[in-house]
Amino acid sequence: MTGLSIGKLAARTGLSVSAIRFYEDKGLIHPDRNTGGQRRFARADIRRLSFVIIMQRLGFSLKEIIALMSALPDTRTPTKKDWATISKQITARIDQQIEQLQQTRTNLNGCIGCGCLSLKKCALYNQDDKIAVKGSGPRYTMGNRSNEV
């Protein structure tokens with residue numbers, strides 16, 4: 001039996017051995033065992049774990065990542081088509097995050113050092129907490145506008 005040891009997989013992915021075991025316990029990777037009982041990982045597990053890292057950096061929860069990866073086959077290396085299916089599922093969310101970041105950048109660029117000295121004109125200020133009906137948090141930076149109240 002060939003395959004990558006857990007140490008080699010850790011070196012290739014930048015994850016700790018304990019993190020790899022954690023992801024194994026969560027069912028994201030499925031190593032084989034050699035006759036000595038040592039884990040042996042497929043090279044495809046490098047891509048699977050890299051996907052987990054990327055998704056976490058994008059703000060996806062472990063629960064969301066597990067749901068996405070449940071569509072990947074366990075018995076073979078995922079194909080380009082397999083990954084494309086997952087990509088379609090996350091594109092809308094990534095586009096939404098990009099839009100929110102761009103709006104936040106626009107608001108901050110217009111706000112920092114604008115010199116208006118007037119909270120009545122500020123694009124970020126939520127006078128009298130009017131936008132609270134839309135939910136908690138910084139609603140204007142989350143895409144709500146003052147004319148939506």
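These notes cover the structure that comes with them. (Residues numbered from 1 in each chain as written. Predicted model: local features only at pLDDT ≥ 70, side-chain atom pairs only at ≥ 80, totals over all residues. Heavy atoms only, no water.)

**Here we look at the overall build of the chain**
Part 1 of the reasoning: A tally of helices and strands in the chain yields 5 helices and 2 strands.
Part 2 of the reasoning: For the chain, the α and β elements follow one another from N to C terminus as α-α-β-β-α-α-α.
Part 3 of the reasoning: The 149 residues of the chain split such that 28% are buried.
Part 4 of the reasoning: Relative to all contacts within the chain whose residues are 6 or more apart in sequence, the contacts with residues 24 or more apart total 48%.
Part 5 of the reasoning: For the chain, the accessible area works out to roughly 10,000 Å², and carbon and sulfur atoms hold 52% of it. (Helix = DSSP H or I, 4+ residues; strand = E, 2+ residues; numbered from the N terminus. Buried < 20%, exposed > 50% of the residue type's maximum accessible area, 1.4 Å probe, protein only. Contact = heavy atoms within 4.5 Å. Areas by Shrake-Rupley, 256 points an atom, 1.4 Å probe, with all protein chains shown as cover.)

**Side note on the pattern of salt bridges**
Part 1 of the reasoning: All told, the structure shown has 3 salt bridges when counted by the stated rule.
Part 2 of the reasoning: The closest approach of N and O atoms between E24 and R39, which form a salt bridge, is 2.5 Å. Taken together, the residues E24 in helix α2 (residues 17-25) and R39 in strand β2 (residues 39-40) connect sequence positions 15 residues apart.
Part 3 of the reasoning: Given the relative accessible area of 17%, E24 is considered buried. (Salt bridge = Lys/Arg side-chain N within 4 Å of Asp/Glu carboxyl O.)

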